[in-house]
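The chain contents come next:
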There are 2 protein chains.
Amino acid sequence: MTVNAQYRLAARPVGLPKSTDWQYTEEPAGQPGDGEFLVELQYISLDPAMRGWINAQRSYIAPVEIGDVMRAAGTGTVIESNNGRFPKGAAVQGLFGVQKYAVSDGTGVSTIDTSRAPAPMYLGTLGSSGFTAYFGLLDIGRPRPGQTIVVSAAAGAVGSVAGQIGKIMGCRVVGIAGGPGKCAFLVDELGFDAAIDYKAGDLRAQLKEHTPDGVDVFFDNVGGEILDTVLTRITRGARVIISGAVSQYNSENGMRGPANYMQLLVQRASMTGFLVFDYVSRYPEAASELSAWLAEGRLTSREHVVEGGIAAFPETLLGLFDGRNTGKLVLAV
Amino acid sequence: MTVNAQYRLAARPVGLPKSTDWQYTEEPAGQPGDGEFLVELQYISLDPAMRGWINAQRSYIAPVEIGDVMRAAGTGTVIESNNGRFPKGAAVQGLFGVQKYAVSDGTGVSTIDTSRAPAPMYLGTLGSSGFTAYFGLLDIGRPRPGQTIVVSAAAGAVGSVAGQIGKIMGCRVVGIAGGPGKCAFLVDELGFDAAIDYKAGDLRAQLKEHTPDGVDVFFDNVGGEILDTVLTRITRGARVIISGAVSQYNSENGMRGPANYMQLLVQRASMTGFLVFDYVSRYPEAASELSAWLAEGRLTSREHVVEGGIAAFPETLLGLFDGRNTGKLVLAV
């Protein structure tokens, strides 16, 4: 008998998720029924959005309920199958949850080619993180060559790709990240024009120095003070892309709204939210472009793989909120 | 000798402008030079934006400096002229300032036809207030028939026109205003589908009742709690039009940002600022449409004319911030 192990939501977190907000369970792995298949997971994706999924409020997706296996994207191998599209041995990715084995009917699942790129990349640059960067920057941001793009959480899975796409589009790209190591990574390895260490103080002065012509496009993953500060630098007709607000997800005092939002009026600018799921029909376009840029060496993909198996999930998740990861944070099962 | 009287900015206000923030002066009226003309003012426009003009920070327009005659739009009659475009006797409107007489070279001035509409209407529905409503709602809001529009400060000069244009476009229109009198005005006289009295408490419950299908377009003149509450009701792809933030202009603790701005992400919605001045080349289109709707009886224009002359300016201005006016607030010189 195959034993599954998983993390289930035990309580709705207040602030940062605590170990007692999770329940570790073991049980027999499920048996695939008609049209179903059994996946053995290899990598689990860790995303800031997961913090929102465990709040009680309905958002763009139903909340994870108390007792449910925690929702997560992952990659794995089909080990038993009653589904011709996903035969035994196929490498797949999908929302399999934080567990070692998952039964699926194929909904939202796709096969991946691990001979072309390592599996974790299909959760990052060639998965929803990369697609978020691609559609957010190009569709919502509409950057034009020579314009200045600022990206927050720029060393993260989404930000690192968004900034590099900005460079490919011929823009000046400035990343905001925490600490000198990440800033060096942005400039030296990813080719950003400049990086701002928000932990080094005086964000506004640093931003002014590195965006002498203002900010035409802001790709925001962070919210809070960083969003407010960048708003003071936007240009006429600027586009602010709301991709996330990771600085606010664990706030116990409610979200901080952007007090400088009236700069949108002064500058005739817009602030627009989006969700990558709306672009499913265009995922092939994004995958094809991103793959080509990777192959040409114009795009660098960084994955931060944490070993430790399912048991390491609660602690690894916290890394997203204290900035431990550079690139895509993935848990090896 | 003609004696001019004016209000000049004496100090930068903290919070609501106090009488000591203004200086009343009398001096000889200027003499028009080559290409200039002298206007005797009849009506002065009072606008929430004036509060922003007297802050020190440069915004979309240079601040009024200490000692300057307060900037204001107004209407009047040319009484002396060395300018063929604006002959003696012409009725004109322009940024003539808070004073009885103004010398102008014609920059930003246009003639008005007081036989077609009373002069105060050229400062309101047929002036920048009406044009703000027209371009903001139609260009930024892009409402479609059957959609739900919410307008804040709906009994004001801009909001009352924006809501009525929404009705003309075939939308459900809900106005937010302060007090039962204004709410009755919106529904009974302007034809809004519903009105919400924000002073009556439980704004969220009232909003939910009157927008059962959510809010597709929000025309916001107010900011603060009202903006935050409406954000909880926006629909997929909604447009939030940032026209003003009158609830925040006198704040002594900085602006309140919209804490619920992440609803823009959840609903793939946008928040966009605009300035009517950008549409100068299209003013004739707006004037023509608004005039036709007035003539057809589909649009009602309300002006709130305060008698009392220049001396009444400081106190009359405060009416904008405590909600004394219904419709366009104008001071009769």
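Residues numbered from 1 in each chain as written. Chains lettered and ligands numbered in written order. Predicted model: local features only at pLDDT ≥ 70, side-chain atom pairs only at ≥ 80, totals over all residues. Heavy atoms only, no water.

1. A word on the overall build of chain A
And step 1. Scanning chain A from N- to C-terminus turns up nine helices and 15 strands.
And step 2. On C-alpha atoms alone, chain A measures out to a radius of gyration of 20 Å, which is about the 20 Å that the 2.2 N^0.38 rule sets for 333 residues.
And step 3. Dimensions of chain A, computed from C-alpha atoms along their principal axes, come out at roughly 65 × 45 × 35 Å.
And step 4. Taken over 333 residues, chain A has a buried fraction of 58%.
And step 5. Considering only intrachain contacts with a sequence separation of at least 6, the fraction spanning at least 24 residues in chain A is 66%.
And step 6. Carbon and sulfur atoms provide 48% of the accessible area of chain A, an area that totals close to 13100 Å². (Helix = DSSP H or I, 4+ residues; strand = E, 2+ residues; numbered from the N terminus. Rg over C-alpha atoms; globule rule 2.2 N^0.38 Å. Buried < 20%, exposed > 50% of the residue type's maximum accessible area, 1.4 Å probe, protein only. Contact = heavy atoms within 4.5 Å. Areas by Shrake-Rupley, 256 points an atom, 1.4 Å probe, with all protein chains shown as cover.)

2. With respect to the pairing of strand β9 (residues 172-177) of chain B
Residues and elements named next belong to chain B.
And step 1. With respect to burial, β9 is a largely interior element, five of its six residues being buried.
And step 2. Inspection of the sheet shows strand β8 (residues 148-152) paired to β9 by five bridges, in the parallel sense. Residue pairing in the sheet places Thr148 in a bridge with Arg172 of β9.
And step 3. A crossover connection joins β8 to the parallel β9 through helix α3 (residues 157-168); in handedness this β-α-β unit is right-handed.
And step 4. By the bridge criterion, four bridges tie β9 to strand β10 (residues 194-197) in an arrangement that is parallel. Counted as the bridge partner of Val174 is Ala194 from β10. (Pairing = 2+ DSSP bridges. Right-handed = clockwise from strand over helix to strand, strands pointing away.)

3. Some details on the relation of the copies chain B and chain A
And step 1. The two copies are related by a screw operation: chain B maps onto chain A through 180° of rotation and 0.0 Å of translation along the axis, at an RMSD of 0.0 Å. Both copies of the chain, as the preceding transformation shows, are related through a two-fold rotation axis. Judged by C-alpha distance, Gly257(B) is the residue of chain B that lies nearest the rotation axis, at 2.1 Å.
And step 2. Take the interface residues of chain B: 100% of them recur as interface residues in chain A, which is what a same-surface contact looks like. (Least-squares fit on C-alpha atoms with pLDDT ≥ 70 in both.)

4. Examining helix α8 (residues 283-295) of chain A
Residues and elements named next belong to chain A.
And step 1. In this model, α8 (13 residues) spans 18 Å end to end at C-alpha, consistent with the 18 Å of a helix rising 1.5 Å per residue.
And step 2. Listed in full, the buried residues belonging to α8 are Tyr283, Ala286, Leu290, Ser291 and Trp293. Axial view of α8: buried residues confined to an arc of 160°, hence all on one face. More than 90 degrees from the buried face of α8, the exposed residues found are Pro284 and Ala295.
And step 3. In this structure, the buried side of α8 is in contact with α2 (128-141) and α3 (157-168).
And step 4. Count one or two residues on from α8 and you reach Gly297, which has phi positive near 75°. (Expected span 1.5 Å × (residues − 1). Arc of directions from axis to C-beta.)

5. Some points on the interface of chain B and chain A
And step 1. The interface is formed by 31 residues belonging to chain B together with 31 residues belonging to chain A.
And step 2. For the pairing of chain B and chain A, the buried interface totals around 2300 Å² over both sides, and the portion due to carbon and sulfur atoms is 67%.
And step 3. Ranking the residues of chain B by area buried against chain A places Tyr261(B), Leu265(B) and Arg268(B) at the top, with a combined share of 28%.
And step 4. Counting the contacts that link chain B with chain A gives three salt bridges.
And step 5. For Asp278(A), the salt bridge goes to Arg268(B), with nearest N and O atoms at 2.6 Å.
And step 6. Contributions of two or more residues to the side of chain B that touches chain A are made by α6 (224-231), β12 (234-242), α7 (263-266) and β13 (270-273) of chain B.
And step 7. Looking at the side of chain B that touches chain A, the element that brings in the most residues is β13(B), giving four residues. (Buried area = accessible area lost by both parts, 1.4 Å probe. Salt bridge = Lys/Arg side-chain N within 4 Å of Asp/Glu carboxyl O.)

6. Observations regarding the sheet that holds β9(B)
And step 1. Ordered in space as β10(A)-β9(A)-β8(A)-β11(A)-β12(A)-β13(A)-β13(B)-β12(B)-β11(B)-β8(B)-β9(B)-β10(B), the 12 strands form an open sheet in which the pairing is mixed. Single-partner strands in this sheet number two, and they are β10 (194-197) of chain A together with β10 of chain B. Going across the sheet, the axis of each strand differs from the next one's by a mean of 15°, ignoring polarity.
And step 2. In this fold helix α5 (residues 203-210) of chain A packs onto β8 (148-152), β9 (172-177) and β10 of chain A, with an angle of close to 175° to the strand it touches most, β10(A).
And step 3. Its contacts with the sheet put helix α4 (residues 180-189) of chain B on β9 and β10 of chain B, and the angle it makes with β10(B) is roughly 170°. (Axes fitted to C-alpha atoms, helices over the stretch in contact; angles between N-to-C directions.)

7. Describing helix α9 (residues 313-322) of chain B
All names here are of chain B.
And step 1. In terms of residue burial, α9 counts as a mostly covered element, since eight of its 10 residues are buried.
And step 2. Within α9, burial applies to Phe313, Pro314, Thr316, Leu317, Leu318, Gly319, Leu320 and Phe321.
And step 3. Turning to α9, the residues buried within the fold contact β1 (3-9), β2 (22-28), α1 (49-53), β14 (303-306) and β15 (328-332).
And step 4. Looking one or two places after α9, you find Gly323, whose phi comes out positive at around 75°.

8. Quick notes on the packing of aromatic side chains
And step 1. Evaluation of the coordinates by the stated rule reveals 18 aromatic pairs over all chains.
And step 2. Measuring from ring centre to ring centre gives 5.9 Å for Tyr7(A) and Phe313(A), while their planes differ by 40°; the resulting arrangement is tilted. One end of the pair, Tyr7(A), is in strand β1 (residues 3-9); the other, Phe313(A), is in helix α9 (residues 313-322), with 306 residues separating them in the sequence. Residues Tyr7(A) and Phe313(A) agree in their burial class; the two are buried.
And step 3. The rings of Tyr7(A), Trp22(A), Tyr24(A) and Phe313(A) are connected pair by pair, giving a single aromatic cluster.
And step 4. Directly above the aromatic system of Trp53(B) lies the positively charged group of Arg71(B), at a separation of 5.3 Å from the ring centroid. (Phe/Tyr/Trp six-rings, centres within 6.5 Å; stacked < 30°, edge-to-face > 60°. Lys NZ or Arg CZ within 6 Å of the ring centre and 35° of its normal.)

9. Examining the side chain of Asn250(A)
Residue and element names in this part refer to chain A.
And step 1. With respect to the helices and strands, the residue Asn250 is situated in the loop between β12 (234-242) and α7 (263-266).
And step 2. Reaching out from Asn250, the side chain makes a polar contact with the side chain of Arg51 at a distance of 2.7 Å.
And step 3. Sequence-distant contacts of Asn250, defined by excluding residues within four places in its chain, comprise Gly15, Leu16, Pro17, Arg51 and Phe321. (Polar contact = N/O pair within 3.5 Å; in protein donor to acceptor, adjacent residues only side chain to side chain.)

10. Looking at the domain arrangement of chain A
Residues and elements named next belong to chain A.
And step 1. Each assigned domain of chain A is listed with its residue range as follows: domain 1 (3-120 + 303-332) and domain 2 (128-277).
And step 2. Taken over C-alpha atoms, the centre of domain 1 sits 28 Å from the centre of domain 2.
And step 3. With 16 residues of domain 1 in contact, the opposing surface of domain 2 contributes 13 residues.
And step 4. Of the roughly 1100 Å² buried between domain 1 and domain 2 on both sides combined, carbon and sulfur atoms contribute 61%.
And step 5. On inspection of domain 1 and its partner domain 2, the count reaches zero salt bridges.
And step 6. Across the contact surface, domain 1 and domain 2 share five residue pairs in polar contact (both at pLDDT 80 or more).
And step 7. It is α9 that contributes the most residues to the side of domain 1 that touches domain 2, three residues altogether. (Domains from an automatic or database assignment.)

11. Digging into the side chain of Thr148(B)
All names here are of chain B.
And step 1. Relative to the elements of secondary structure, Thr148 occurs in strand β8.
And step 2. A relative accessible area of 4% means that Thr148 is categorised as buried.
And step 3. Not counting residues up to four positions away in its chain, the partners in contact with Thr148 are Arg172, Thr211, Gly214, Val215, Asp216 and Val217.

12. Some thoughts on the packing of helix α2 (residues 128-141) of chain B against α3(B)
Residues and elements named next belong to chain B.
And step 1. For the pair α2 and α3, interaxial distance at closest approach is 8 Å and the crossing angle is 45°. Comparing their axes, α3 and α2 come out oblique. Pair α2 / α3 crosses with right-handed handedness. Contact residues: α2 offers Ser129, Gly130, Thr132, Ala133, Tyr134, Leu137 and Leu138, while α3 offers Ala157, Val158, Val161, Ala162, Ile165 and Gly166. (Parallel < 35°, antiparallel > 145°, perpendicular 65-115°, else oblique. Left-handed = near helix turned anticlockwise from the far one by under 90°.)

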